[in-house]
Amino acid sequence: MFLKITLFILIAMPLCAQDLIDFHIQDQFKQVHVTSDYAGEVVIVIGSDKNGCDYDKLWAAELSQKLGDSARVLPVAHMKGVPFFLKGFIRGKFPKQPENWILMDWGGKFNKVYSFEPGLANILVFDRQGKQIFKAAAGELDQGIVSELILIINNSTCVDKNL
């Protein structure tokens, strides 16, 4: 019998004053996305390395469905370390539907700035002014945490909490 473990880590938030980084990154379709595309909106960055990508999909789908137009989900694939000659091949492994775009962070900028936890979905929320108000690393979905995250987004206050 398999034991299912849900992992969710809330990280202490001295980072709350951190801004959404200035980025200029392509998705798997080579469409460029820039920070200014998200100005004035609540942004949820959901990113991971290869081992956390299945969790990213779960969290992104759930939060997109629950929040609708009240927040923009920004999916990020941490791709630093992939040899340049494999980039095209790797890009081809990502979803083929344009509505399922994912930022291809070849330089590892998001990971470097926000210290992504390996193997997990890293969830960062930025308020309408671009200030970080939430950071977590999560495995499987937890509806209690989803509800708490929605409340935080709706209240747009900084979370300083460890579970």
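Residues numbered from 1 in each chain as written. Predicted model: local features only at pLDDT ≥ 70, side-chain atom pairs only at ≥ 80, totals over all residues. Heavy atoms only, no water.

> Break down the layout of surface pockets for me, with residues and values.
In this structure, the largest pocket spans a volume of roughly 770 Å³. Put simply, the parts of the chain that give the lining of the largest pocket at least two residues each are β4 (43-48), α1 (53-67) and β5 (72-78). Among the residues making up the lining of the largest pocket, the classes are represented as 14 nonpolar, four polar and seven charged. (1 Å grid on protein atoms, 1.4 Å probe; cavity = no way out; pocket = protein on both sides within 12 Å on 5 of 7 lines; lining within 4 Å. Points joined across faces, edges and corners; volume = space filled by probe spheres on them. Helix = DSSP H or I, 4+ residues; strand = E, 2+ residues; numbered from the N terminus. Nonpolar A, V, L, I, M, F, W, Y, C, P; charged D, E, K, R; others polar.)

> Please provide a residue-by-residue account of a nonpolar patch on the surface, values included.
Residues F84, F85, L86 and F89 make up a contiguous nonpolar surface patch of about 500 Å² in total accessible area. Its place among the elements puts F84 in the loop between β5 and α2 (87-91). Residue F84 is classed as exposed on the basis of its relative accessible area of 69%. (Patch = residues over 30% accessible without salt bridge, like charges linked within 9 Å, V, L, I, M, F, W, Y side chains within 5 Å. Areas by Shrake-Rupley, 256 points an atom, 1.4 Å probe, with all protein chains shown as cover. Salt bridge = Lys/Arg side-chain N within 4 Å of Asp/Glu carboxyl O. Buried < 20%, exposed > 50% of the residue type's maximum accessible area, 1.4 Å probe, protein only.)

> Tell me about the packing of α1 against helix α4 (residues 143-155), and name the residues and values.
The N-to-C vectors of α1 and α4 enclose an angle of 50°; their axes lie 11 Å apart at closest approach. The angle between α1 and α4 places the two elements in the oblique class. By crossing handedness, the relation of α1 to α4 is classed as right-handed. Residues W59, E62, L63, K66 and L67 of α1 lie in contact with α4, whose contacting residues are Q143, I145, V146, L149, I150 and I153. Residue composition of the contact of α1 with α4, grouped by class: eight nonpolar, one polar and two charged. (Axes fitted to C-alpha atoms, helices over the stretch in contact; angles between N-to-C directions. Parallel < 35°, antiparallel > 145°, perpendicular 65-115°, else oblique. Left-handed = near helix turned anticlockwise from the far one by under 90°. Contact = heavy atoms within 4.5 Å.)

> Got a sec to walk through the environment of I102? Specific residues and values, please.
Checked against the element boundaries, I102 lands in the loop between α2 and β6 (103-105). A relative accessible area of 17% means that I102 is categorised as buried. Taking C-alpha positions, I102 is 5.1 Å from P75, a pair spaced 27 residues apart along the chain. The contacts of I102, once residues within four sequence positions are left out, are Q26, D27, Q28, P75, V76, A77, F94 and P95.

> Explain the side chain of S48 to me, using residue names and the numbers behind them.
Checked against the element boundaries, S48 lands in strand β4. Overall, S48 belongs to the buried group, its relative accessible area being 2%. Within the structure, the side chain of S48 is placed 2.7 Å from the side chain of D56, a separation counted as a polar contact. Contact partners of S48, with chain neighbours within four places excluded, come to C53, D56, V76, A77, H78, F116, L120, A121 and N122. (Polar contact = N/O pair within 3.5 Å; in protein donor to acceptor, adjacent residues only side chain to side chain.)

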